Amino acid sequence: MQPSAGIDQSGAFLGQARLLAAAVGLKPRLIKADIYGLPKDIGTFDLVLIAIGVLHWMSDLHRFFRSSPSFFLRVAIW
């Protein structure tokens, strides 16, 4: 399975992701957004991966999951 998208509020992290993806021949859609205000046209994904380190920085997990229920079919915490 190839990654199809990445979301972060940091342009620097997305720049690093773009370089790493290019190094292995991938071209994921990289979206700069606040996790609590995802773009309306973000679509849906078969799998959403949330790195365990990100959970530490999320101030309101309930709000996050309530705000984007159609975004999640399956969530993997890694």
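Residues numbered from 1 in each chain as written. Predicted model: local features only at pLDDT ≥ 70, side-chain atom pairs only at ≥ 80, totals over all residues. Heavy atoms only, no water.

S.K.: I'd love a proper account of the overall build of the chain, names of residues and values included.
M.R.: Helix and strand content of the chain: three helices and four strands. Taken across its 78 residues, the chain has 21% of its residues classed as buried. Partitioning the contacts of the chain with sequence separation of at least 6, the portion at a separation of at least 24 is 60%. Accessible surface computed for the chain: about 5900 Å², of which carbon and sulfur atoms make up 60%. (Helix = DSSP H or I, 4+ residues; strand = E, 2+ residues; numbered from the N terminus. Buried < 20%, exposed > 50% of the residue type's maximum accessible area, 1.4 Å probe, protein only. Contact = heavy atoms within 4.5 Å. Areas by Shrake-Rupley, 256 points an atom, 1.4 Å probe, with all protein chains shown as cover.)

S.K.: Let's hear about helix α1 (residues 11-23): which residues, and what values?
M.R.: With 13 residues, α1 ought to run about 18 Å at 1.5 Å a step, and its terminal C-alpha atoms sit 18 Å apart, in line with that. Just downstream of α1 lies Gly 25, where phi reads positive at about 80°. (Expected span 1.5 Å × (residues − 1).)

S.K.: Describe the environment of Ile 35, and please don't skip the residues or the numbers.
M.R.: Within the secondary structure, Ile 35 sits in the loop between β2 (29-32) and β3 (48-50). You can call Ile 35 partly exposed: its relative accessible area is 26%. For the pair Ile 35 and Asp 8, spaced 27 residues apart in sequence, the C-alpha to C-alpha distance is 7.4 Å.

S.K.: Residue-level account of the pairing of strand β1 (residues 5-8), with values.
M.R.: Both β1 and β2 contribute to a ladder of four bridges, which runs parallel. Of the residues in β2, the one forming a bridge with Ile 7 is Ile 31. Handedness of the crossover joining β1 and β2 through α1 is recorded here as right-handed. (Pairing = 2+ DSSP bridges. Right-handed = clockwise from strand over helix to strand, strands pointing away.)

S.K.: Quick rundown of the nonpolar core? Include the residues and the values.
M.R.: The tendency in soluble globular proteins is for nonpolar side chains to be buried as a group. Ile 31, Ala 33, Tyr 36, Leu 38, Ile 42, Phe 45, Val 48, Ile 50, Met 58 and Phe 64 together form the largest nonpolar core, which totals 10 residues. Apart from the residues within four sequence positions on either side, Ile 31 is in contact with Gly 6, Ile 7, Asp 8, Leu 14, Pro 39 and Ile 42. (Core = buried A, V, L, I, M, F, W, Y, C linked by side-chain atoms within 4.5 Å.)

S.K.: Any chance you could break down the environment of Ile 7 for me, citing the residues and the numbers?
M.R.: Within the fold, Ile 7 resides in strand β1. C-alpha separation for the pair Ile 7 and Asp 34, spaced 27 residues apart in sequence, amounts to 8.4 Å.

S.K.: Which residues make up the confidence of the model for the chain, and what are the values?
M.R.: Across the chain, the average pLDDT comes to 78, with 81% of residues at 70 or higher. Mean pLDDT across the secondary structure elements of the chain bottoms out at strand β4 (residues 75-77), with 51, and peaks at α1, with 94. (pLDDT = per-residue confidence, 0-100.)

S.K.: For the environment of Leu 38, give the residues involved together with the corresponding values.
M.R.: Take Leu 38: it is sitting in the loop between β2 and β3. Once the C-alpha coordinates of Leu 38 and Phe 64 are considered, the two residues, 26 residues apart in sequence, prove to be 9.7 Å apart.

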